[in-house]
Amino acid sequence: MPDPNGFLRYDRRLPARRPVPVRISDWREVYPPAGEDLVREQATRCMDCGIPFCHDGCPLGNRIPDWNDLVRTGNWDAAVESLHATNNFPEFTGRLCPAPCEAACVLGIAGGQPVTIKQVEVEIADAAAARGFVPRPVPAPSGRSVAVVGSGPAGLAAAQQLARAGHAVTVYERDDAIGGLLRYGIPDFKLEKRHIDARLAQLAAEGVRFRTRVNVGVDVTAEQLRAEHDAVLLACGALQGRDTPETRGRELRGVHQAMAHLVAANRVVAAAAASGQGRPSVAVLPDGTPIDAAGRHVVIIGGGDTAADCLGVAHRQGAAGVHQLDLYPQPPRERDEARDPWPTWPWILRSYPAHEEGGERVFAVAVQEFVDDGTGQVRAVRIAEVTVEKRDGRRVVTAVPGSERELPADLVLLAIGFEGTEQQPLLAQFGVTRNAWGAVDARDDWQTDADGVFVAGDMHRGASLIVWAIAEGRAAAAAIHGYLGGPGALPAPVVPAAQPLAAR
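Residues numbered from 1 in each chain as written. Predicted model: local features only at pLDDT ≥ 70, side-chain atom pairs only at ≥ 80, totals over all residues. Heavy atoms only, no water.

1. Concerning the overall build of the protein chain
Piece 1. When its secondary structure is counted, the protein chain shows 18 helices and 14 strands.
Piece 2. For the protein chain, the C-alpha radius of gyration of 23 Å lies close to 23 Å, the compact-globule estimate for 504 residues.
Piece 3. When burial is assessed residue by residue, the protein chain has 53% of its 504 residues classed as buried.
Piece 4. Counting only carbon and sulfur atoms, one obtains 51% of the accessible surface of the protein chain, whose full area is about 22,000 Å².
Piece 5. Here the protein chain contributes 52 positive and 62 negative side-chain charges, whose respective centroids are spaced 1 Å apart. (Helix = DSSP H or I, 4+ residues; strand = E, 2+ residues; numbered from the N terminus. Rg over C-alpha atoms; globule rule 2.2 N^0.38 Å. Buried < 20%, exposed > 50% of the residue type's maximum accessible area, 1.4 Å probe, protein only. Areas by Shrake-Rupley, 256 points an atom, 1.4 Å probe, with all protein chains shown as cover. Lys, Arg positive; Asp, Glu negative; His and termini not counted. Charge placed at Lys NZ, Arg CZ, Asp CG, Glu CD.)

Put into structure tokens, the structure is as follows:
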């Protein structure tokens, strides 16, 4: 039984972040481990509600009240088992998910303080990792083989589920290391890569094979892949960045997609760690073009997670100054019940650790022009204050007359979202097309228009949360298991048409 008075006795608390001057001098995670006393205190705040809406907020259906109470009573082994029953990689979600479960927590009603679900989750996962992830015994081979294209959270979750069902699973990754965006898209100050490596060792011990530097559709054709495997899962993500080609000066040097900056930074951090060097060298694009913020005035266009990641990277690279621009007005600090009633995901001001490290956030502005320094290099951005309205379902942005001004900019990063999965050779080879939103549709059984070819994760639903990627990977694995004639049924937490909890 839960402690019925826990939420009355304890306020919501998180562990203190590492001091700003210390953490921006390295690439280690912002949060140190929480002490056991703090974690148990916070888990005690969970009421084990009669109707736990946190379950609906999380697409994985995590048994949140169960493992909260197990932590409260000190039964960490059982908490680990309960957590892993629905989530393959809680050490990732506990660090990277924005926690829609917390937005749906009953303690959040009327402006209250929800349980620190995400913090408890990551501490349980880290306790398991400290003892070493124990591989499940490899079952008798089913005689069936599955190719998973893409090694992000959706692909890895599906691979683990299928391997545990006895199928031979090979994960194909075009990059030089496994992990997808977890590896090179997420900065180390949010996810140190040792967490990925520890989990990959478990998957390998469970029989999953990994092939890196294999660009399916180029190095290996779809025909070859289908000849070698009984089913194929496409989990290639949604990496086609949204651009602003209509903005004057977009062609100038120094204007880049945000992911180009993040990937380049992650690569030099990884190289420094591998070589045992101290501070990483300058980040560059594949063609050698510098994309490093050191000593530069940086302008980040966008207000979401990717923009905040670029902000934290710019601080650690030694930027001279950073402005982060958001098209929309500053959100309220508290949930607007009329707009976003509990337990839906609220539109509120979200501040990330990177925001307390420096830089300036500017709301309700739009870039009118990237300004040339006369040599083809950007030197500034011209912005104007704007109003944003919806008319007939379309967004209409109107500049406020006389509000234009310039911000210095040697490096501009576009973090304005994604337009779906990339147009790549494997799509045509598999006979799969992108829909109007740049994603790949799935039938009710997670198959694409091509028989035996399944899709999951961001490639299917567009850029989304890591919990949705893992949930779709698990569900697609269940569908593939059934397609291959496997006995019983694997867990399938979502269906292809599932949507986040939202007000209608």
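There's more to say after this.
2. Notes on the layout of surface pockets
Piece 1. Roughly 1,600 Å³ of internal volume is contained in the second largest pocket.
Piece 2. Lining the second largest pocket are 50 residues, with Arg-12, Leu-14, Tyr-31, Glu-102 and Lys-118 positioned closest to its centre.
Piece 3. Every element with two or more residues in the lining of the second largest pocket is listed here: α7 (90-96), α8 (100-103), α9 (117-131), α12 (194-205) and α15 (305-317).
Piece 4. Among the elements that take part in the lining of the second largest pocket, α9 stands out by supplying five residues, more than any other.
Piece 5. Considering only residue class, the lining of the second largest pocket consists of 21 nonpolar, nine polar and 20 charged. (1 Å grid on protein atoms, 1.4 Å probe; cavity = no way out; pocket = protein on both sides within 12 Å on 5 of 7 lines; lining within 4 Å. Points joined across faces, edges and corners; volume = space filled by probe spheres on them. Nonpolar A, V, L, I, M, F, W, Y, C, P; charged D, E, K, R; others polar.)

3. Details of α15
Piece 1. Taking 1.5 Å per residue, 13 residues should reach 18 Å; α15 reaches 18 Å between its end C-alpha atoms and fits that length.
Piece 2. By the criterion of burial, α15 is predominantly enclosed, with 12 of the 13 residues buried.
Piece 3. Of all the positions in α15, only Thr-306, Ala-307, Ala-308, Asp-309, Cys-310, Leu-311, Gly-312, Val-313, Ala-314, His-315, Arg-316 and Gln-317 are classed as buried.
Piece 4. As for α15, its buried residues are in contact with α2 (20-23), α14 (258-275), β6 (297-301), β7 (321-326) and β13 (411-414).
Piece 5. Among the residues trailing α15, Gly-318 stands out with phi positive, at a value near 90°. (Expected span 1.5 Å × (residues − 1). Contact = heavy atoms within 4.5 Å.)

4. Here we look at the environment of Pro-187
Piece 1. Within the secondary structure layout, Pro-187 lies in the loop between α11 (181-184) and α12.
Piece 2. Note: C-alpha distance between Pro-187 and Cys-310 (123 residues apart in sequence) is 8.7 Å.
Piece 3. Not counting residues within four places of it along the chain, the set of residues in contact with Pro-187 comprises Lys-193, Leu-262, Asn-266, Asp-309 and Val-313.

5. Side note on the pairing of β13
Piece 1. Where burial is concerned, the two faces of β13 agree: the one with Leu-411 and Leu-413 and the one with Val-412 and Leu-414 are both buried.
Piece 2. Direction of pairing for strand β5 (residues 255-257) relative to β13: parallel, over a ladder of three bridges. The partner of His-256 across the bridge, within β13, is Leu-413. (Pairing = 2+ DSSP bridges.)

6. Observations concerning the packing of helix α5 (residues 64-72) against α9
Piece 1. As a packed pair, α5 and α9 sit with axes 11 Å apart at the nearest point and diverge in direction by 65°. The handedness of the crossing between α5 and α9 comes out as left-handed. When α5 is examined against α9, the residues Ile-64, Trp-67, Asn-68 and Val-71 are found in contact with a partner set consisting of Ile-117, Val-120, Glu-121 and Ile-124.
Piece 2. Of the residues contributing to the contact of α5 with α9, the split by class is six nonpolar, one polar and one charged. (Axes fitted to C-alpha atoms, helices over the stretch in contact; angles between N-to-C directions. Left-handed = near helix turned anticlockwise from the far one by under 90°.)

7. Some points on the side chain of Thr-93
Piece 1. Of note, Thr-93 is situated in helix α7.
Piece 2. By relative accessible area, which is 1% here, Thr-93 ends up buried.
Piece 3. Within polar-contact distance, the side chain of Thr-93 engages the side chain of Glu-121 at 2.8 Å.
Piece 4. Not counting the four nearest positions on each side in its chain, Thr-93 is found in contact with Asn-87, Lys-118, Glu-121, Ile-466, Val-467 and Ile-470. (Polar contact = N/O pair within 3.5 Å; in protein donor to acceptor, adjacent residues only side chain to side chain.)

8. Comments concerning the sheet that holds strand β1 (residues 145-149)
Paired through backbone hydrogen bonds, the strands of a sheet run either parallel or antiparallel to each other.
Piece 1. Taken together, the five strands give an open sheet; going across it, the order is β3-β2-β1-β4-β14, and neighbouring strands pair in parallel fashion. Edge positions in the sheet fall to β3 (209-211) and β14 (453-455), since each of these pairs with one other strand and no more. Across the sheet, the axes of successive neighbouring strands diverge by a mean angle of 20°, strand direction being ignored.
Piece 2. In the sheet, strand β2 (residues 168-172) pairs with β3 via three bridges, with the strands oriented parallel. Within β3, the position partnered with Thr-170 by the bridge is Arg-209.
Piece 3. With respect to the sheet, helix α10 (residues 153-164) is in contact with β1, β2, β3 and β4 (231-234), its orientation differing from that of β2 by roughly 165°.

9. Observations regarding empty space enclosed by the protein
Piece 1. A full pass over the atoms with the stated rule returns two cavities of 30 Å³ or more.
Piece 2. Around the largest cavity, the lining is made up of 17 residues, and of these Cys-46, Cys-49, Cys-54, Cys-105 and Val-106 lie nearest the centre.
Piece 3. Those elements that provide at least two residues to the lining of the largest cavity are α4 (53-57) and α5.
Piece 4. The element that contributes the greatest number of residues to the lining of the largest cavity is α5, accounting for three residues.
Piece 5. Considering only enclosed or pocket space, the second largest cavity measures out at about 90 Å³ in volume.
Piece 6. In terms of lining, the second largest cavity is formed by Cys-58, Asn-62, Ile-64, Thr-93, Cys-97, Ala-99, Pro-100, Cys-101, Ile-117, Lys-118, Glu-121 and Val-467.
Piece 7. Contributing elements (two or more residues each) for the lining of the second largest cavity: α8 and α9.
Piece 8. Element by element, the count of residues in the lining of the second largest cavity is highest for α9, at three residues.
Piece 9. Residue classes in the lining of the second largest cavity are distributed as eight nonpolar, two polar and two charged.

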